[in-house]
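A look at the structure
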Amino acid sequence: MTTSDLERRLTTVLHQHAENAMNRTHTDEQLQTLLVDTERDARRRRRGWIAGGLVAAAAAIVLIAWGPDLGSNQAETVTPAQVDTPTEVATGFLDAYASFDSDRVVSYLAEGSSRDEWLRDIRWNEAVGFRFLLDRCTKESSSPTGTVVRCAYDFYALRSDELGRGPFSDNVFTLTVQDGKIVAADQGLEFMSNGFSAQMWEPFAAWVAEAHPDDAAEMYADWPEQTMEATSDTSLELWDQNLREYVETEKQPS
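Residues numbered from 1 in each chain as written. Predicted model: local features only at pLDDT ≥ 70, side-chain atom pairs only at ≥ 80, totals over all residues. Heavy atoms only, no water.

1. Some words on the environment of Thr249
Stated formally: Secondary structure follows DSSP: runs of H or I at least 4 residues long count as helices, runs of E at least 2 residues long count as strands, and numbering of each begins at the N terminus.
With respect to the secondary-structure elements, Thr249 resides in helix H9 (residues 233-251). Considering only alpha carbons, one finds Thr249 and Trp207, 42 residues apart in sequence, at a separation of 9.9 Å.

This is the structure in structure tokens:
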């Protein structure tokens, strides 16, 4: 078969596929445009084509002519998964912490972190009605060991919000993030300077020591000093129970 024979066959095939494609859209103007463009391209490529190249080009153009039929089968563009910034990781971690979501908190912690300590804190926070009010997290510095993020926050605790006391301010979490995980953390709780100790911790400690001394001995790890909470299951139940009673007592008219 000569080059001229191939060109004639190519033109016939192109016309047929173009007509079929345009019939599906019922657009005569698009059909005419496609036919004109096809013939012009065939003339431009006529010189220098060889039989094998012509057949390959025909196959490629036929594929283009059938393009409207492939719309639903074309591959979708895949966008790479977004990687959270250190600030986003810190914010997500503290949101989980504030929500008492133990599983999500653990998912943010790097291997080797003191997970038991975090879980203990979550159980304690929930028992005493801790409400965590995150202000914002800001990147402080970066190094090979990770990115340091500082997160300022206010809080209510010991059901202080139910008594109209607080929130207590000027607190900060300092978190080190590496590869999307929390690798180090420090909690700066300004319980003395922000008024929490004077307004909540000390009054409740005095009340429970007088009203329920046996309970108090279970509730404080350093009884009778009452400066450090105990976090056994029994202790947490007593914290919850006695705080609720304390709030009701404080709400009563004097």
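Additional details are given in the paragraphs that follow.
2. Overview of the pattern of salt bridges
The criterion, for reference: We count a salt bridge whenever a side-chain nitrogen from Lys or Arg sits within 4 Å of a carboxyl oxygen from Asp or Glu. Only protein chains enter the accessibility calculation, which uses a 1.4 Å probe; a residue whose area is less than 20% of its type maximum is buried, one above 50% is exposed, and one in between is partly exposed.
Applying the stated criterion across every chain, the model contains 12 salt bridges. A salt bridge links Arg104 to Asp101, with the shortest nitrogen-to-oxygen separation between them at 3.4 Å. The exposure class assigned to Arg104 is partly exposed, which follows from its relative accessible area of 27%. The class for Asp101 is partly exposed, based on a relative accessible area of 29%. A salt bridge links Glu162 to Arg159; the nearest nitrogen and oxygen atoms lie 3.1 Å apart. Through salt bridges with shared partners, a single ionic network connects Arg159, Glu162, Asp240 and Arg244.

3. Regarding unusual backbone geometry
Here the residue pair Gly166 and Pro167 is connected by a cis peptide bond, since its omega of 5 degrees sits within 30 degrees of zero. That bond from Trp223 to Pro224 is cis: its omega, 10 degrees, falls within 30 degrees of zero. The phi angle at Phe100 is positive, at roughly 60 degrees, despite the residue not being glycine.

4. Focus on the packing of aromatic side chains
Put simply, the rule is: The aromatic pairing rule takes the rings of Phe, Tyr and Trp, using the six-membered ring of Trp, and pairs them if the centres are within 6.5 Å, calling planes under 30 degrees apart stacked, those over 60 edge-to-face and the rest tilted.
If you walk through the whole model with that rule in mind, you get 21 aromatic pairs. Aromatic side chains Phe93 and Tyr108 sit 6.2 Å apart centroid to centroid with 75 degrees between the ring planes, which places their arrangement in the edge-to-face category. Of this pair, Phe93 sits in helix H4 (residues 86-98) while Tyr108 is found in helix H5 (residues 102-108), placing the two residues 15 residues apart along the sequence. You'll find Phe93 and Tyr108 in the same group, each marked buried. Taking the centre distance of 4.8 Å and the plane angle of 90 degrees together, the rings of Trp124 and Trp239 count as edge-to-face.

5. Thoughts on the layout of surface pockets
Selection rule: Using a 1 Å grid laid over the protein atoms alone, points where a 1.4 Å probe fits but cannot get out form a cavity; open sets with protein on both sides within 12 Å along at least 5 of 7 lines form a pocket; any residue with an atom within 4 Å of a point counts as lining. Grid points are joined across faces, edges and corners, and a volume is the space filled by probe spheres set on the points. Amino acids are sorted into nonpolar (Ala, Val, Leu, Ile, Met, Phe, Trp, Tyr, Cys and Pro), charged (Asp, Glu, Lys and Arg) and polar (every other residue, Gly among them).
Taken as a whole, the largest pocket spans an internal volume of roughly 830 Å³. Of the residues contributing to the lining of the largest pocket, the split by class is 21 nonpolar, eight polar and five charged.

6. Notes on the nonpolar core
Worth spelling out the cut-off: What we call a nonpolar core is a set of buried Ala, Val, Leu, Ile, Met, Phe, Trp, Tyr and Cys residues that are connected through their side-chain atoms within 4.5 Å. Contacts are residue-level and defined by heavy atoms, with any inter-residue pair within 4.5 Å sufficient.
In terms of nonpolar packing, the biggest core is built from 45 residues, with Phe93, Leu158, Phe173, Phe204, Tyr220 and Trp239 touching the most fellow members. A total of seven residues in this core trace back to one element, the largest contributor, which is helix H7 (residues 196-211). In this view, Phe173 contacts Leu94, Tyr97, Trp118, Phe132, Val149, Arg150, Cys151, Tyr153, Asp186 and Gln187; residues no more than four positions away in its chain are not counted.

7. With respect to the environment of Val148
Position of Val148 among the secondary structure elements: in strand E2 (residues 146-156). In the structure, Val148 is positioned 28 residues away from Thr176 in sequence and 4.4 Å away in space, judged by C-alpha atoms.

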